[in-house]
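Coordinate analysis (summary)
Letter by letter, the chains look like this.
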Amino acid sequence: MPRPLRVAIVGAGPAGIYAADALLKSEAAADPGVSIDLFERMPAPFGLIRYGVAPDHPRIKGIVTALHQVLDKPQVRLFGNVDYPSDITLDDLRAFYDAVVFSTGADADRELRIPGVELDGSYGAADFVSWYDGHPDVPRTWPLEAEKVAVLGVGNVALDVARVLAKTADELLPTEIPPNVHEGLKANRAREIHVFGRRGPAQAKFSPMELRELDHSPSIEVVVNPEDIDYDQGSIDARRSNKQVDMVAKTLENWAIRDAGDRPHKLFLHFFESPSEILGEDGRVVGLRTERTELDGTGNVRGTGEFTTWDVQAVYRAVGYLSEELPKLPWDPASGTVPDEGGRVVEGGEHVRSTYVTGWIRRGPIGLIGHTKGDANETVANLLEDHREGRLPAPEAPGEEAVVRFLEGRGVAYTTWEGWYRLDAAERARGEAEGRERVKIVEREEMLRASGVEV
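Computed from a predicted structure; not experimentally measured.

**Thoughts on the sheet that holds strand β10 (residues 265-270)**
Strands sit in the order β6-β14-β7-β8-β10-β9 across an open sheet of six strands; the sheet is parallel. Edge positions in the sheet fall to β6 (122-124) and β9 (220-224), since each has one partner strand and no second. Direction aside, neighbouring strands of the sheet carry axes that sit 20 degrees apart on average. Where β6 lies against strand β14 (residues 314-317), three bridges are found, and the strand directions are parallel. Counterpart to serine 122 in the pairing with β14 is valine 315. Its contacts with the sheet place helix α6 (residues 125-132) against β6 and β14, and it is angled at close to 70 degrees to β6. Along the sheet, helix α7 (residues 156-166) makes contact with β7 (148-152), β8 (192-196), β9, β10 and β14, crossing β7 at roughly 165 degrees.

**Considering the packing of helix α1 (residues 14-24) against helix α4 (residues 63-71)**
Packing of α1 against α4 brings their axes to within 9 Å, and their N-to-C directions diverge by 50 degrees. Between α1 and α4, the angle falls in the class oblique. Like other packed secondary-structure pairs, α1 and α4 cross with a definite hand, here left-handed. Here Pro14, Ile17, Tyr18, Ala20, Asp21 and Leu24 of α1 come into contact with α4, specifically with Ile63, Leu67, Val70 and Leu71. Counted by class, the contact of α1 with α4 contains nine nonpolar, no polar and one charged residues.

**A look at the sheet that holds strand β12 (residues 284-295)**
The strand order β11-β12-β13 describes an open sheet built from three strands, whose pairing is antiparallel. Pairing within the sheet leaves two strands with one partner each, and these edge strands are β11 (273-281) and β13 (301-310). Within this sheet the neighbouring strands show an average axis-to-axis angle of 25 degrees, counted without direction. Bridge count between β12 and β13: seven bridges; the pairing is antiparallel.

**Structural notes on unusual backbone geometry**
A cis amide bond links tyrosine 84 with the next residue in sequence, proline 85, at an omega value of 10 degrees. Along the chain, the position of proline 85 falls in the loop between β3 (76-80) and α5 (90-96). Non-glycine residue aspartate 282 carries a positive phi angle of around 55 degrees. Relative to the assigned elements, aspartate 282 resides in the loop between β11 and β12. By relative accessible area, aspartate 282 is classed as exposed at 76%. Its identity is not glycine, yet serine 354 carries a phi of approximately 55 degrees, on the positive side. Its place among the elements puts serine 354 in strand β18 (residues 350-357).

**Section: empty space enclosed by the protein**
Counted under the stated rule, the structure contains one cavity of 30 Å³ or more. Contributing to the lining of the largest cavity are Tyr123, Pro143, Leu144, Ala146, Val149, Leu165, Asn188, Ala190, Ala314 and Tyr316. Looking at the lining of the largest cavity residue by residue, the class counts come to nine nonpolar, one polar and no charged.

**Regarding α4**
Residues of α4 that are buried: Val64, Leu67, His68, Val70 and Leu71. The buried side chains of α4 occupy one side of the element, clustering within an arc of 155 degrees when seen end-on. Along α4, exposed side chains directed more than 90 degrees from the buried face belong to Thr65 and Gln69.

**Examining the layout of surface pockets**
In this structure, the second largest pocket spans a volume of roughly 740 Å³. Around the second largest pocket sit 38 residues that line it, and Arg41, Thr104, Gly105, Ala106 and Asp107 are the ones nearest its centre. Taken together, the elements giving at least two residues each to the lining of the second largest pocket come down to α1, β2 (34-40), α2 (47-51) and α6. For the lining of the second largest pocket, the class distribution of residues is 19 nonpolar, 13 polar and six charged.

**Some remarks on the nonpolar core**
Counting 52 residues, the largest nonpolar core has Phe128, Val151, Leu269 and Tyr316 as the members making the most contacts within it. In terms of residue count, the dominant contributor to this core is α7 (seven residues). Sequence-distant contacts of leucine 269, that is, excluding residues within four places in its chain, are made with Val195, Leu211, Leu214, Val222, Val223, Val224, Asn225, Asp228, Leu252 and Trp255. Counting residues in hydrophobic clusters, the runner-up holds 44 residues, among them Ala29, Val70, Leu71 and Leu383.

Parameters at a glance
Residues numbered from 1 in each chain as written. Predicted model: local features only at pLDDT ≥ 70, side-chain atom pairs only at ≥ 80, totals over all residues. Heavy atoms only, no water. Pairing = 2+ DSSP bridges. Helix = DSSP H or I, 4+ residues; strand = E, 2+ residues; numbered from the N terminus. Axes fitted to C-alpha atoms, helices over the stretch in contact; angles between N-to-C directions. Contact = heavy atoms within 4.5 Å. Parallel < 35°, antiparallel > 145°, perpendicular 65-115°, else oblique. Left-handed = near helix turned anticlockwise from the far one by under 90°. Nonpolar A, V, L, I, M, F, W, Y, C, P; charged D, E, K, R; others polar. Buried < 20%, exposed > 50% of the residue type's maximum accessible area, 1.4 Å probe, protein only. 1 Å grid on protein atoms, 1.4 Å probe; cavity = no way out; pocket = protein on both sides within 12 Å on 5 of 7 lines; lining within 4 Å. Points joined across faces, edges and corners; volume = space filled by probe spheres on them. Arc of directions from axis to C-beta. Core = buried A, V, L, I, M, F, W, Y, C linked by side-chain atoms within 4.5 Å.

Here it is, written out as structure tokens:
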């Protein structure tokens, strides 16, 4: 009797869960069936949505509802708090599964090569996001003494960082932020937030809705310099061909021409300012130097040789995420991705047997969460083709309990999907006691205990 196709997915964020969903919807799920195990280094699933989306974005976090339905399927199991490769290696996974899909995402900061990035007060945005999202592996405090802050970058992460810095702690209290984050934000001294982009309004990577949400806070006055509203032919073409680009540009235009308001925290959106140096004194940030740029006709910019020094005491670098290199897999350091063809991992022009990638580890941190669905569908289609064509070698121990015995034999304190329900209930109970939907549990050991794991 044919056995089910056994697939391991390393990473239980949106990309990994979308891959599981694609497998479940395939013909293979009907006959002879599929059996899917997701391995996640965090004790809880959902990856970027839990640890990379700002807490005041419940609309985006609502994606969890759809992901939840996938993990509820009987063909899917979750093994949380399992680290690749220290707890389980690629060779181990190949011994238990027909195929292995890596969907480990990107949660480190891309490097910004300008002088002064090493100064105290110069921070990677990913580290700050991990702090305010209650990541279990980061410090519980964050220095928030700066009254004037620069944020480098014009994407949604830059907006999240700027908004969290500009809002009051009590504005964020109704969200799921843990107590240590609320206490830290109460001490936040920031009153001016300056967001810098080296190109113009038509090249900003903001989502229209996220941009407009900046103006919804009663404490944030968004300021745009009318001189920064400029377009060349490349910019005009971009607006005509992309509705979202046009919506962003119109919002910025409206803000540039309105009268100044009196909200206490000022959030300045600067365009055509390219960061050239973070200035320091006694090892700490005391300013930022930018070079004024101008459009070149194509939507790109060139430097003008005109420099401005900005009085800021902290700089947050939101210039993109970067994936971490995965042991035993080929790696492209320039793009920070695993080389692939259609989701098949390739090395030396050859497909690395039974090994696949999807999501940001495959194509880089580009696009919104939903865009990873297309990646997952393509990767899974090629995985299933390889299975049909007999290109997947059979695992040594294909039974579902073999990996359970392996992890228990290694003493790995793994969490399960049932454990997530317990953790979810514990966080909701904490929230209910404070009149909130949820209060996130932060400490790893406490997460494990709430999940029913002895530690």
